[in-house]
Amino acid sequence: MNENLSVLGVFSLLSILAVGGGAAVLPETKALVVETHHWLNDDQFRDIYGLGQVVPGPNMLMVIVIGYHVTGFVGALMAFLGFFLPAGAISWAASRVWDHFEGSPWRRALQQGLAPLVVGLMASGTISIARTAIDGRLTVVIAFAVFAGVYCVKKINPALLVLGGGLVGLALLSGTGAGMPPS
């Protein structure tokens, strides 16, 4: 099958599965992109996800970068359309029906039932990225420090913690010469 159609198909499926947002499908995204189609390796996936976290806009714009990596501009367009159009159409249609059932016990029960599902899916996404990103003592310490900062200091911008963790990692790596290009 044409690689552009594969990109469209993969991200359309992920779009429909993304109950609770893009983070809910991170494990499946990684499985399809890294393990099934071999479009990226673990490090590339982690780096693209990290980039999606620090740039403005929805973090799942990372699908555009993945599509671009696979087949260039057309792949980026296919990934974008595949990931955002189906979910957008379903959300629009559901909102029309949802408003009709305002105040219904059925609607309240559905909301209460979906809440733990969404939390579980988001936790699964976090674990999937952590397995790729945490690969030694240093990254464990950085991860715990960032978690503690987010959990204990309620009014700190998480982007500052991510930046701080990156600077610590860079400083330690540059001090050992690891990851530095040969001179």
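Higher on the page you've got the structure.
Residues numbered from 1 in each chain as written. Predicted model: local features only at pLDDT ≥ 70, side-chain atom pairs only at ≥ 80, totals over all residues. Heavy atoms only, no water.

## Quick look at helix H1 (residues 3–17)
Spelled out, the test is: In DSSP terms, a helix is any run of H or I states spanning at least four residues, a strand is any run of E spanning at least two, and both are numbered starting from the N terminus. Each residue after the first adds 1.5 Å to the expected span of a helix. The criterion used for residue contact is that any of the two residues' heavy atoms lie within 4.5 Å.
Across its 15 residues, H1 extends 21 Å between first and last C-alpha, which sits within 8% of the 21 Å expected from 1.5 Å per residue. The elements touched by buried residues of H1 are helix H2 (26–36), helix H4 (62–71) and helix H5 (73–100).

## Some remarks on the nonpolar core
Heads up, the condition is: As used here, the term nonpolar core means buried Ala, Val, Leu, Ile, Met, Phe, Trp, Tyr and Cys residues forming a set that is joined through side-chain atoms within 4.5 Å. Under the scheme applied here, a residue whose accessible area is under 20% of the maximum for its type counts as buried, over 50% as exposed, and between as partly exposed, the area being computed with a 1.4 Å probe on protein chains only.
Formed by 24 residues in total, the largest nonpolar core has its most connected members in Phe 11, Leu 26, Val 33, Phe 45, Met 62 and Ile 66. Apart from residues lying up to four places away in sequence, Ile 66 is in contact with Phe 11, Val 33, Leu 40, Phe 45 and Ile 48.

## Describing the packing of H2 against helix H6 (residues 105–133)
We apply this condition: Fitting a line to C-alpha atoms yields each axis, with helices limited to the stretch in contact; the angle taken between N-to-C directions then spans 0 to 180 degrees. Roughly parallel covers angles under 35 degrees, roughly antiparallel covers those over 145, roughly perpendicular covers 65 to 115, and oblique covers all other angles.
Axis separation between H2 and H6 bottoms out at 7 Å; the angle between their running directions is 45°. When the interaxial angle is binned, H2 and H6 end up oblique. Every residue of H6 that contacts H2 at Leu 26, Pro 27 and Lys 30 is listed here: Ser 124, Gly 125, Ser 128, Ile 129 and Thr 132.

## Some details on the layout of surface pockets
Applied cut-off: With a 1 Å grid laid over protein atoms only, a set of points is called a cavity when a 1.4 Å probe fits there but cannot get out and a pocket when it is open yet has protein on both sides within 12 Å along at least five of seven lines; lining residues have an atom within 4 Å of a point. Grid points are joined across faces, edges and corners, and a volume is the space filled by probe spheres set on the points. Amino acids are sorted into nonpolar (Ala, Val, Leu, Ile, Met, Phe, Trp, Tyr, Cys and Pro), charged (Asp, Glu, Lys and Arg) and polar (every other residue, Gly among them).
Roughly 1400 Å³ of internal volume is contained in the largest pocket. The wall of the largest pocket is formed by 30 residues, among which Ile 129, Ala 133, Ile 142, Val 146 and Val 162 lie closest to the centre. If you list the elements that add at least two residues to the lining of the largest pocket, you get helix H3 (42–54), H6, helix H7 (137–152) and helix H8 (158–176). In terms of residue class, the lining of the largest pocket is made up of 20 nonpolar, 7 polar and 3 charged.

## Side note on a nonpolar patch on the surface
Using the following cut-off: Each patch groups residues whose relative accessible area exceeds 30% and which form no salt bridge, using 9 Å between like charges and 5 Å between nonpolar side chains of Val, Leu, Ile, Met, Phe, Trp and Tyr. The Shrake-Rupley method, run with a 1.4 Å probe sphere, supplies the accessible areas, and residue values consider only the shown protein chains as cover. What makes a salt bridge here is a side-chain nitrogen of Lys or Arg within 4 Å of a carboxyl oxygen of Asp or Glu, nothing more.
Together, Val 19, Val 97, Phe 101, Trp 106, Leu 110, Leu 114 and Leu 117 make up an exposed nonpolar region whose accessible area comes to about 560 Å². Mapped onto the elements, Trp 106 comes out in helix H6. For Trp 106, a relative accessible area of 47% gives the class partly exposed.

## Observations regarding unusual backbone geometry
With a phi close to 55°, His 38 is a non-glycine residue in the positive phi region. By secondary structure assignment, the location of His 38 is in the loop between H2 and H3.

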